[in-house]
Amino acid sequence: FAAESDVTRSIRDDEVFFRSNVMGTRNLLTSLVRYKDSIERFINISSSEVYGTCKKEHIDEEHLLEPMSPYAAAKAGADRMVYAYGCTYNVPVTTLRFFNNYGPNQHIEKLIGKFIVLALNGRKLTVHGDGAQVRDWIHTTDTARAIDAALHIEPYDTIRNEVINCGTGVATSVKDIADVINDYFGLSDNIKYGFDRPGQVQMHLSSTEKAKRLLNWQSSIAFEEGLIDVIEWYTKKEGMADKILDRDAFISNDVLIHEKEG
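Residues numbered from 1 in each chain as written. Predicted model: local features only at pLDDT ≥ 70, side-chain atom pairs only at ≥ 80, totals over all residues. Heavy atoms only, no water.

Colleague: Tell me what's going on with the sheet that holds strand S2 (residues 93–98), and back it up with residues and numbers.
Modeller: Read from one edge to the other, the open sheet built from 3 strands follows the order S1-S2-S6, with strand pairing classed as parallel. Taken across any chain shown, the strands that pair with only one partner, and hence form the sheet edges, are strand S1 (42–47) and strand S6 (163–166). Each strand axis lies, on average, 25° off the axis of its neighbour in the sheet, ignoring direction. Pairing analysis gives 6 bridges linking S1 to S2, with the strands arranged parallel. (Pairing = 2+ DSSP bridges. Helix = DSSP H or I, 4+ residues; strand = E, 2+ residues; numbered from the N terminus. Axes fitted to C-alpha atoms, helices over the stretch in contact; angles between N-to-C directions.)

So this is what it looks like as structure tokens:
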């Protein structure tokens, strides 16, 4: 699970992303090789960012890997290193490629949490480009269910050294998310459009067939339902409205726009 995970931050300072996501994974894999006789399975948490922009409507696991940011490149490196160690050392590895996670407690450098906290403070929501970028959003409850399935599926050999996408198969645009959040708080004309982010991925949408077949798993929380649940969590969380005062929590999404304008 441990990884540096913010795309925008990786553009400003990539070193920590390769140190944590690539070398950190390598350290775990060398331990796995050393103790493989006593380890039943190793689940690597990868990301849909390794694919880059969809070349077809739904990304399956055979889609080319074309990472478009330092974060995505670091995750692709870890992803393929896990596969290589499985082939070379015959260790029990599986990679789950998750699409865009969201849920309560998520760091507010991430889009949905940041939008909600900005709206709580009556601040405009900053959207990169025109907001037409679409993503496949998966609630963390469904994420946990997928990981639990991979940890307990029997026989394990059915998913050994497999890569499995975990998404909903439904895409929602950044602009649509901003509109739902603004509507919830009764805000109008509350979006600030800026320069598009370098290495922007325009579309991520998961194929769900392999997860259904190998893990007997599919998402259970519709995005509309999950988003309202998360908005209500942030709204009720004591002190959350004051998070906007923490400049470090918000600089990652604003700094590129400010640098271009300034």
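After that view of the structure, there is still more to cover.
Colleague: A description of the sheet that holds strand S3 (residues 100–102) should follow, citing residues and the corresponding values.
Modeller: The strand order across the open sheet formed by 3 strands is S3-S5-S7, and the pairing between neighbours is mixed. If you trace the sheet from one side to the other, it starts and ends with S3 and strand S7 (171–173), each paired once. Neighbour-to-neighbour, the strand axes of this sheet turn through a mean angle of 55°, independent of strand direction. Direction of pairing for strand S5 (residues 134–139) relative to S7: antiparallel, over a ladder of 3 bridges. From the neighbouring strand, Arg135 faces S7, where its bridge partner is Thr172. Where helix H5 (residues 140–152) meets the sheet, it contacts S3 and S5, and its direction lies at approximately 70° from that of S5. (Contact = heavy atoms within 4.5 Å.)

Colleague: I'd love a proper account of helix H3 (residues 70–89), names of residues and values included.
Modeller: With 20 residues, H3 should cover 28 Å at 1.5 Å per step; its first-to-last C-alpha distance of 28 Å lies within 8% of that length. All buried positions along H3 are accounted for by Tyr71, Ala72, Ala74, Lys75, Ala76, Ala78, Asp79, Met81, Val82, Tyr85 and Gly86. Here the buried face of H3 lies against helix H1 (7–12), helix H2 (15–34), S1, S2 and S6. Asn90 occupies a position one or two residues after H3 and carries a positive phi of about 55°. (Expected span 1.5 Å × (residues − 1). Buried < 20%, exposed > 50% of the residue type's maximum accessible area, 1.4 Å probe, protein only.)

Colleague: Now, about the packing of aromatic side chains: what can you tell me, with residues and values included?
Modeller: Inspection of every chain in the model, using the stated rule, returns 7 aromatic pairs. Ring centres of Tyr184 and Phe185 lie 5.1 Å apart, and the angle between their planes is 75°; on these two criteria the pair is classed as edge-to-face. Tyr184 sits in the partly exposed class, given a relative accessible area of 35%. Ring pairing ties together the aromatic residues Tyr102, Trp137 and Phe223, which thus form one cluster. (Phe/Tyr/Trp six-rings, centres within 6.5 Å; stacked < 30°, edge-to-face > 60°.)

Colleague: Any chance you could break down the packing of helix H6 (residues 174–184) against helix H8 (residues 223–236) for me, citing the residues and the numbers?
Modeller: H8 packs onto H6 with a crossing angle of 50° between their chain directions and a minimal axis gap of 11 Å. As summarised for this structure, H6 and H8 are arranged oblique, according to the angle between their axes. Crossing angle aside, the handedness with which H6 passes H8 is right-handed. On the side of H6, the interface is formed by Ile177, Val180, Ile181 and Tyr184, while H8 contributes Phe223, Leu227, Ile228, Ile231, Glu232 and Thr235. Within the contact of H6 with H8, the residues separate by chemical class into 8 nonpolar, 1 polar and 1 charged. (Parallel < 35°, antiparallel > 145°, perpendicular 65-115°, else oblique. Left-handed = near helix turned anticlockwise from the far one by under 90°. Nonpolar A, V, L, I, M, F, W, Y, C, P; charged D, E, K, R; others polar.)

Colleague: Lay out the environment of Asp189 in plain terms, naming residues and giving numbers.
Modeller: Note that Asp189 resides in the loop between H6 and strand S8 (191–194). Between the alpha carbons of Asp189 and Ala73 there is a distance of 36 Å; along the sequence they are 116 residues apart.

Colleague: Could you give me a rundown of the side chain of Thr172, with the residues and numbers involved?
Modeller: Within the fold, Thr172 resides in strand S7. For Thr172, a relative accessible area of 13% corresponds to the buried category. Excluding its chain neighbours within four sequence positions, the residues that come into contact with Thr172 are Gln133, Val134, Arg135, Trp137, Ile177 and Phe223.

Colleague: Mind laying out the nonpolar core, listing which residues take part and the relevant values?
Modeller: Here is a general trend for soluble globular proteins: nonpolar side chains tend to be buried in one another's company. Counting residues in hydrophobic clusters, the biggest one holds 23 residues, and the most contacted among them are Ile112, Phe115, Ile177 and Ile181. Elements that contribute at least two residues to this core include exactly helix H4 (111–120), strand S4 (125–128), H6 and H8. The dominant element in this core, judged by the number of residues it contributes, is H4, at 6 residues. In this structure, Phe115 is in contact with Leu125, Thr126, Val127, Val174, Ile177, Ala178 and Ile181, ignoring residues within four places of it in sequence. Of all hydrophobic cores here, the second largest spans 18 residues; its members include Ile138, Ile153, Ile159 and Leu215. (Core = buried A, V, L, I, M, F, W, Y, C linked by side-chain atoms within 4.5 Å.)

Function cannot be inferred from these measures alone, as they are strictly geometric.
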